[in-house]
Amino acid sequence: MSQETLTEVRGDLVLAALCVGQFRAPCQIEAERLLVRADESLMQALRALGLEIAAVFEVFTPAPMFAPEELILDQVARGIIRRQVTTHVFRPHDDESAEEDGDSVAAAV
């Protein structure tokens, strides 16, 4: 097995795995970290989530994918699957501004 340049991800590994899964990127799962073949868009998404990432040079043994990689790559090439990042920003509202906006019911829920 040969070594290759990978991206090491540390932090909230559940959040990291969900993000990596959205990109359908090969991933090696370990107790304290994930190793992925990350392109620039995936690395930006991981950084945006506040995860620690670092370049490493190691042997890569990714977990098996549920669909064959060739099928996924074919679907990406034909535009059936789009690679994109969706971010959601939570902004808590204080009670005063919620009442002014008419969102007092939503703020209380």
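Residues numbered from 1 in each chain as written. Predicted model: local features only at pLDDT ≥ 70, side-chain atom pairs only at ≥ 80, totals over all residues. Heavy atoms only, no water.

Colleague: Any chance you could explain the environment of Val14 here in plain terms?
Modeller: Considering the arrangement of structural elements, one finds Val14 in helix 1 (residues 13–23). Placed 20 residues apart in sequence, Val14 and Leu34 show a C-alpha to C-alpha distance of 9.9 Å. (Helix = DSSP H or I, 4+ residues; strand = E, 2+ residues; numbered from the N terminus.)

Colleague: Can you walk me through the confidence of the model for the chain in this structure?
Modeller: Close inspection of predicted coordinates is inappropriate for parts of the model with low pLDDT. Of the residues in the chain, 72% have a pLDDT of 70 or more, and the chain-wide mean is 79. Low pLDDT (under 50) marks residues 103–109, which in the prediction has four contacts with non-local residues, meaning those over four places away or in another chain. (pLDDT = per-residue confidence, 0-100. Contact = heavy atoms within 4.5 Å.)

Colleague: What exactly am I supposed to notice about the nonpolar core here?
Modeller: What tends to happen in soluble globular proteins is that the nonpolar side chains get buried as a cluster. Val9, Cys19, Val20, Leu34, Val36, Leu42 and Leu46 are the most contacted members of the largest nonpolar core, which totals 14 residues. Elements supplying a minimum of two residues to this core: helix 1, strand 3 (34–36) and helix 2 (40–48). Of all the elements, helix 1 adds the most residues to this core, at five residues. (Core = buried A, V, L, I, M, F, W, Y, C linked by side-chain atoms within 4.5 Å. Buried < 20%, exposed > 50% of the residue type's maximum accessible area, 1.4 Å probe, protein only.)

Colleague: Help me understand the sheet that holds strand 2 (residues 27–29), please; the structure alone is not making it clear to me.
Modeller: Sheet strands line up and pair through hydrogen bonds in the backbone, either parallel or antiparallel. Taken in spatial order, the four strands of this open sheet run 2-3-1-4, and their pairing is antiparallel. The open sheet has two free edges, formed respectively by strand 2 and strand 4 (52–59), since each of these has just one partner strand. Sheet twist, expressed as the mean angle between neighbouring strand axes with direction ignored, is 30°. On top of the sheet, helix 1 reaches strand 1 (3–10), strand 2 and strand 3; it is set at about 20° to strand 3, its chief contact. Contacts from helix 2 reach strand 1, strand 3 and strand 4 within the one sheet, and its direction differs from that of strand 4 by about 135°. (Pairing = 2+ DSSP bridges. Axes fitted to C-alpha atoms, helices over the stretch in contact; angles between N-to-C directions.)

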